[in-house]
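Analysis of the macromolecular model
One-letter residues, chain by chain:
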Amino acid sequence: MIYLSYIGIALFSYLLGSLNFGVILSNKLKKDDIRNYGSGNAGTTNMLRKYGKGYAFLTIMGDMLKVVAAIVIALKIIEYTPATLNELGINVNFDRNMFIKSFAGFFCVLGHIFPCFFKFKGGKGVATAGGMVFVVDWRIALILLAVFIVVVAVSKYVSLGSIIMAVLYPVLMFAFHRSIALTIIAAVFTLIVVTAHRSNIKKLINHTESKITDKKRKK
């Protein structure tokens, strides 16, 4: 039963993550596709450049709240699942709820980056991952948010702030919880987010990356 519960959580979280709000809002409200513009990314920054602050705000809220919903539902599913991981002979030496939050969050972020509803082309997972971190440990989330704000304020590069946040996440997870298992899960998130930003990394190296102050422009 426990295995079926985790499979169900993974599938549901992935499908919920696939509800990419950048694509949904641009399709429904603008009769357009945000992925046809700017960076081609269905994320908050591209929505800000193309449609303005209002649409960017709705996008980031939607992308963060969906991972919160996925985690809350996952916790409820496990709460009513008879068997636990320990009862199955699996040694879990860290808090079960922390694992479930990270597990559901992982598949929600995966769905956001590779949404099955939108030809597997979505956002870069920053807002969704951020929502997950707030639910997992608000202290780590606040530190990462502060780092992001400072990096973006100084460099004007949203992508740089996002990459640095991703790299710091497993470091802070280990510092706060001293758990190898949770740190490994956090490191997987880092790998996914950094990989999703690979084109931005190339542009940063070549000094061709767009700054947050740049004017809106078509692809």
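Figured I'd write up the structure that's included with this text. Chains are numbered independently. Their residues run from 1 in the order of the written sequence. Per-residue local features are limited, in this predicted model, to residues with pLDDT of at least 70; the limit for side-chain atom pairs, both in listing and counting, is 80 or more; totals at the level of whole chains, interfaces and linings are taken over all residues. Only hydrogens and water are set aside when side-chain values are computed; all heavy atoms of the structure are taken into account.

1. Some points on the environment of Leu160
Stated precisely, the cut-off is as follows: Each helix is a run of H or I in the DSSP string that is no shorter than four residues. Each strand is a run of E no shorter than two, and both are numbered from the N terminus. Contact between two residues is taken to exist if any of their heavy atoms lie within 4.5 Å; hydrogens are not considered.
Looking at the secondary structure, you find Leu160 in helix α8 (residues 158-177). The spatial distance from the C-alpha of Leu160 to the C-alpha of Phe148 is 8.4 Å, given a sequence separation of 12 residues. With sequence-adjacent residues up to four places away left out, Leu160 is seen in contact with Val151, Ser155 and Leu204.

2. Overview of the pattern of salt bridges
Two side chains of opposite charge can pair, provided their charged atoms sit close to one another. Let me state the cut-off plainly: Each salt bridge in this description consists of a side-chain nitrogen of Lys or Arg and a carboxyl oxygen of Asp or Glu lying within 4 Å of one another. Burial here depends on accessible area, computed with a 1.4 Å probe over protein chains only, as a share of the maximum for the residue type. Under 20% is buried, over 50% is exposed, and the range in between is partly exposed.
As enumerated under the stated definition, the model contains 3 salt bridges in all. The shortest N-O distance in the salt bridge between Asp63 and Lys66 comes to 3.3 Å. Of this pair, Asp63 and Lys66 both sit in helix α4 (residues 53-79), separated by 3 residues, roughly a single helical turn. Taken individually, Asp63 and Lys66 each receive the classification buried, so the pair is uniform in this respect. A salt bridge links Asp137 to Arg139; its shortest N-O distance comes to 2.8 Å. Relative accessible area serves as the criterion here: at 5%, Asp137 is assigned to the buried category. For Arg139, a relative accessible area of 35% corresponds to the partly exposed category.

3. So, the nonpolar core
This is how the line gets drawn: Remark: nonpolar core denotes a set of buried residues (Ala, Val, Leu, Ile, Met, Phe, Trp, Tyr, Cys) joined through side-chain atoms within 4.5 Å.
Within the largest apolar cluster, 35 residues are counted, with the highest numbers of intra-cluster contacts made by Tyr6, Met132, Val133, Ile140, Leu144, Tyr169 and Met173. For this core, the secondary-structure elements that each account for two or more residues are α1 (2-17), α4, α5 (96-113), α6 (126-136), α7 (138-155), α8 and α9 (180-196). No other element matches α5, which puts 8 residues into this core. Setting aside chain neighbours within four positions, we find Val133 in contact with Trp138, Ile140, Ala141, Leu144 and Tyr169.

4. What about a nonpolar patch on the surface?
Filter applied, for reference: Each patch is built from residues lacking any salt bridge and having more than 30% relative accessible area; the joining distance is 9 Å for like charges and 5 Å for nonpolar side chains (Val, Leu, Ile, Met, Phe, Trp, Tyr). Surface accessibility follows the Shrake-Rupley procedure with a 1.4 Å probe radius. Residue values consider only the protein chains on display as shielding.
The grouping of Leu29, Phe57, Leu58, Met61 and Leu65 at the surface amounts to a nonpolar patch, some 480 Å² of accessible area in total. Sort the elements by how many residues they give to the nonpolar patch and α4 lands first, with 4 residues. With respect to the helices and strands, Leu58 occurs in helix α4.

5. Overview of the side chain of Lys101
Mapping Lys101 onto the fold places it in helix α5. Since its relative accessible area comes to 17%, Lys101 is described here as buried. Once residues within four sequence positions are removed from consideration, Lys101 is found in contact with Ile71, Leu75, Met132, Val135 and Val136.

6. Considerations on the layout of surface pockets
In plain terms, the rule: Here the term cavity refers to a set of points on a 1 Å grid, laid over the protein atoms alone, in which a 1.4 Å probe fits but cannot get out; the term pocket refers to an open set having protein on both sides within 12 Å along at least five of seven lines, with lining residues being those that place an atom within 4 Å of a point. Grid points are joined across faces, edges and corners, and a volume is the space filled by probe spheres set on the points. Classification convention: Asp, Glu, Lys, Arg as charged; Ala, Val, Leu, Ile, Met, Phe, Trp, Tyr, Cys, Pro as nonpolar; all other residues, Gly among them, as polar.
Counted as a void, the second largest pocket has a volume near 350 Å³. Counting residues per element, the ones that place at least two in the lining of the second largest pocket are α9 and α10 (198-205). In terms of residue count, the dominant contributor to the lining of the second largest pocket is α9 (3 residues). In terms of residue class, the lining of the second largest pocket is made up of 5 nonpolar, 7 polar and 4 charged.

7. Digging into the packing of aromatic side chains
Under the convention used in this document: Two rings belonging to Phe, Tyr or Trp (six-membered ring only in the last case) form a pair when the distance between their centres is within 6.5 Å. Interplanar angles under 30 degrees mark stacking, angles over 60 mark edge-to-face geometry, and anything in between is tilted.
Across all of its chains, the model carries 8 aromatic pairs by this definition. Here Tyr6 and Phe103 contribute two aromatic rings whose centre-to-centre distance is 5.2 Å and whose plane-to-plane angle is 75°, an arrangement assigned as edge-to-face. Within this pair, whereas Tyr6 is found in helix α1, its partner Phe103 is found in helix α5, the two being separated by 97 residues in sequence. As far as burial versus exposure is concerned, Tyr6 and Phe103 are alike and both buried. Taking the centre distance of 5.9 Å and the plane angle of 85° together, the rings of Phe106 and Phe189 count as edge-to-face. Note that Phe106 is positioned in helix α5 and Phe189 in helix α9, a separation of 83 residues in sequence. Its relative accessible area of 4% is what places Phe189 among the buried residues. What links up through ring pairs into an aromatic cluster is the set Tyr6, Phe99, Phe103, Phe106, Phe107, Tyr169 and Phe189.

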